Amino acid sequence: MKIVKKYRFFLFLVLVFLILFFINKDFGINALKITGHSLKEMALVIPPIFILLGLLDVWVPRETMVKYMGEKSGVIGILLALILGSAAAGPLYGAFPVAAVFMKKGVKFSNVLIFIGAWSTTKIPMFLFELTSLGSAFALTRLFVDIPGIIIIAFILTKITPKASVEKIYKQAEKM
Amino acid sequence: MNIALYVVTGILLLLSFWKDKKKTIKALKKAWKSFENILPQLLGILVLVGLLLAVFNADVISSIIGTESGWFGVFISAVVGSITLIPGFVAFPTAALLLENGAGYMQIGAFVSSLMMVGVITFPVEIKYFGKRLTMIRNVFAFFFSLFVAFVIGKVVGGV
C-alpha cells in the first residue's frame, strides 16, 4: 500500500493514458513515443548526476563548501554558483537534489538560488545548441539578459523569504 | 556532452573507490536514496509531458504564435513554455522550425526562456525541496522575467 500511495500521481496518469488509448489510438501512440523519449533522456543523464552528488556529499567537507559558497563567500560564491549551474547537464529536476546537498553543506541560500537559476537557463551545452539552432544574436542576447536576471531574482527571493522558511527548507534538505 | 559527463563521473568514481572503498559505497547509497526520493514524481512528470506534447505539437504552437500575434502571442508562448517540459535538444530545433513557420522572435524568446526557467509540471519535485511558497514565487518571477527577455530579444534580434 505504501508503494501505491507513493506512486499515486504516476498511477493516476497511467490510467489517463489507458483511457486515452481507447478514445484516440493515434494520439495515445504519439504521447507514448514522447514519454519514451523523455524516459530515455532521464535514463542517460540521471545516473551520473546522482553519482556525482553522492561523491560530493561524501568527499567534500562542509568547511570547504562554507568557505567558498557559504554566508561570507561574497562574489566568489556567486561566481561559483553560476559556473557550477552552467556546467551542469540535464533538465531542471536534476538540480533540486544537488541543491539539497549544497544546503546540507552550508551553502548560502542566495547562492543555492543562483545555482538553480543558472542550471535552468545558462547551461553551456544548451547554449552551444541554442547558438547553432537560433543564431548568435538570439543566444547571446538571452545569455546577457539572463545572467544579471538570475542574480537579481535570487537576491529578491532571498530578501522576501522569511528566515523561518529558509531554516525549514534547510532542515528538509537534511532528510533528502 | 553526455559522454564527457560519463567520463568525468567514471574517473571520479574510480578515484574515490581506489582511495576509500567504504566511503564510495556510502556515496553510491546516498546517490540511490536521492534518486529514489524523486522517482515517483519524476515518472509522473514524464507521462504528463508525453500527454501534453501530443496536444501542443509544433503545428499547433506555430499557428498561435506568429509574428503578427504581438504581446498576446508572447503571453501565450510563455504560458506554453511554462507548462511544457521539452529537453533542449528537441526544444531548440523545434524553436528554429517555429521561426521558419512564421513565429516571431519575441514569441520564440518568450517560449524558450519560460521553457527553461518556469516548470509548472515539475512543481511537485520543486515543492518537495523548496516548499510551496518559494516554488510559487520563484516560478512567477521567472515567468515575468521571461516576458522581459522576450521584449529584449524582440528589440535586438527581431528589430521590433
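What about the overall build of chain A?
Item 1. Of the regular secondary structure elements, chain A holds 10 helices and zero strands.
Item 2. If one aligns the C-alpha atoms of chain A with their principal axes, the spans along those axes are about 60 × 50 × 35 Å.
Item 3. Looking at chain A residue by residue over its 176 residues, the buried ones come to 52%.
Item 4. Within chain A, counting contacts between residues at least 6 apart in sequence, those at least 24 apart form 73% of the total.
Item 5. Computed over 20 positive and 9 negative side-chain charges, the inter-centroid distance for chain A is 6 Å.

Remarks on the overall build of chain B
Item 1. Counting its regular elements, chain B contains seven helices and zero strands.
Item 2. Helices and strands in chain B line up, N terminus first, as α-α-α-α-α-α-α.
Item 3. Radius of gyration (C-alpha) of chain B: 20 Å, far over the 15 Å computed for a compact globule of 160 residues.
Item 4. Reported as C-alpha extents along the three principal axes, the dimensions of chain B are approximately 60 × 35 × 30 Å.
Item 5. Counting only carbon and sulfur atoms, one obtains 73% of the accessible surface of chain B, whose full area is about 7,300 Å².

Thoughts on the interface of chain B and chain A
Item 1. In this assembly, 74 residues from chain B lie in contact with 72 residues from chain A.
Item 2. Approximately 6,900 Å² of surface area, both sides summed, lies buried where chain B meets chain A, with 81% of it carried by carbon and sulfur atoms.
Item 3. Taken together, the connections running from chain B to chain A amount to two salt bridges.
Item 4. Taken together, the connections running from chain B to chain A amount to five residue pairs in polar contact (both at pLDDT 80 or more).
Item 5. Here the side of chain B that touches chain A gets 28 residues from one element, more than from any other, and that element is helix α2 (residues 21-55) of chain B.
Item 6. Its residues placed into classes, the side of chain B that touches chain A shows 51 nonpolar, 12 polar and 11 charged.

Some remarks on the environment of Ile61(B)
Residue and element names in this part refer to chain B.
Item 1. For Ile61, the location among the structural elements is in helix α3 (residues 58-64).
Item 2. Looking at Ile61, the relative accessible area reads 5%, which means it is buried.
Item 3. Each C-alpha atom, one on Ile61 and one on Ser114, is 14 Å from the other, the two residues being 53 residues apart in sequence.
Item 4. Apart from the residues within four sequence positions on either side, Ile61 is in contact with Phe56, Val80, Leu98 and Phe111.

Topic: the domain arrangement of chain B
Residues and elements named next belong to chain B.
Item 1. Domains assigned within chain B are domain 1 (1-42) and domain 2 (56-157).
Item 2. Between domain 1 and domain 2, the residue contacts involve four residues of the former and four residues of the latter.
Item 3. Between domain 1 and domain 2, roughly 380 Å² of surface is buried when both sides are summed, and carbon and sulfur atoms account for 62% of that area.
Item 4. It is Asn37, Ile38 and Gln41 that lose the most area in domain 1 upon contact with domain 2, and together they represent 89% of the buried surface on that side.

Overview of helix α6 (residues 95-104) of chain A
Residue and element names in this part refer to chain A.
Item 1. Counting buried positions over the 10 residues of α6 gives 10, a clear majority of the element.
Item 2. Residues of α6 that are buried include every one of Ala95, Phe96, Pro97, Val98, Ala99, Ala100, Val101, Phe102, Met103 and Lys104, and no others.
Item 3. Just downstream of α6 lies Gly106, where phi reads positive at about 85 degrees.

Quick look at a nonpolar patch on the surface
Item 1. The grouping of Leu15(A), Ile19(A), Phe22(A) and Ile23(A) at the surface amounts to a nonpolar patch, some 520 Å² of accessible area in total.
Item 2. The topology assignment puts Leu15(A) in helix α2 (residues 8-23).

Observations concerning the side chain of Ser110(A)
All names here are of chain A.
Item 1. Structurally, the position occupied by Ser110 is in helix α7 (residues 109-121).
Item 2. Of the residues examined, Ser110 reaches a relative accessible area of 3% and is grouped as buried.
Item 3. Setting aside chain neighbours within four positions, we find Ser110 in contact with Ala154, Phe155 and Thr158.

Observations regarding the layout of surface pockets
Item 1. By volume, the largest pocket is sized at about 700 Å³.
Item 2. Contributing to the lining of the largest pocket are 28 residues, with Leu52(A), Leu53(A), Leu56(A), Leu84(A) and Leu12(B) lying nearest its centre.
Item 3. Listed by contribution, the elements that provide at least two residues to the lining of the largest pocket are α3 (25-59), α4 (62-69), α5 (74-86), α6 and α7 of chain A together with α1 (2-19) of chain B.
Item 4. Here the element with the most residues in the lining of the largest pocket is α1(B); it accounts for seven residues.
Item 5. Each residue belonging to the lining of the largest pocket can be placed in one class, and the counts come to 25 nonpolar, two polar and one charged.

Observations concerning the nonpolar core
What tends to happen in soluble globular proteins is that the nonpolar side chains get buried as a cluster.
Item 1. In this structure, Leu134(A), Ile108(B), Val112(B) and Phe130(B) are the most contacted members of the largest nonpolar core, which totals 105 residues.
Item 2. Counting the residues that make up this core, at least three belong to each of domain 1 (1-42) and domain 2 (56-157) of chain B.
Item 3. Residues contacting Leu134(A), with those up to four places away along its chain left out, are Phe92(B), Ala95(B), Ala96(B), Leu99(B), Ile108(B) and Val112(B).

A few points about empty space enclosed by the protein
Item 1. Tallied over the full model, the rule gives two cavities of 30 Å³ or more.
Item 2. Counted as a void, the largest cavity has a volume near 100 Å³.
Item 3. Taken together, Leu113(A), Ile116(A), Gly117(A), Ile150(A), Ile153(A), Ala154(A), Leu157(A), Met117(B), Arg138(B) and Ala142(B) make up the full set of residues lining the largest cavity.
Item 4. Looking at the lining of the largest cavity, the elements that each hand over two or more residues are α7 and α9 (136-160) of chain A together with α7 (123-158) of chain B.
Item 5. Here the lining of the largest cavity gets four residues from one element, more than from any other, and that element is α9(A).

About the cut-offs
- Residues numbered from 1 in each chain as written.
- Chains lettered and ligands numbered in written order.
- Predicted model: local features only at pLDDT ≥ 70, side-chain atom pairs only at ≥ 80, totals over all residues.
- Heavy atoms only, no water.
- Helix = DSSP H or I, 4+ residues; strand = E, 2+ residues; numbered from the N terminus.
- Buried < 20%, exposed > 50% of the residue type's maximum accessible area, 1.4 Å probe, protein only.
- Contact = heavy atoms within 4.5 Å.
- Lys, Arg positive; Asp, Glu negative; His and termini not counted.
- Charge placed at Lys NZ, Arg CZ, Asp CG, Glu CD.
- Rg over C-alpha atoms; globule rule 2.2 N^0.38 Å.
- Areas by Shrake-Rupley, 256 points an atom, 1.4 Å probe, with all protein chains shown as cover.
- Buried area = accessible area lost by both parts, 1.4 Å probe.
- Salt bridge = Lys/Arg side-chain N within 4 Å of Asp/Glu carboxyl O.
- Polar contact = N/O pair within 3.5 Å; in protein donor to acceptor, adjacent residues only side chain to side chain.
- Nonpolar A, V, L, I, M, F, W, Y, C, P; charged D, E, K, R; others polar.
- Domains from an automatic or database assignment.
- Patch = residues over 30% accessible without salt bridge, like charges linked within 9 Å, V, L, I, M, F, W, Y side chains within 5 Å.
- 1 Å grid on protein atoms, 1.4 Å probe; cavity = no way out; pocket = protein on both sides within 12 Å on 5 of 7 lines; lining within 4 Å.
- Points joined across faces, edges and corners; volume = space filled by probe spheres on them.
- Core = buried A, V, L, I, M, F, W, Y, C linked by side-chain atoms within 4.5 Å.

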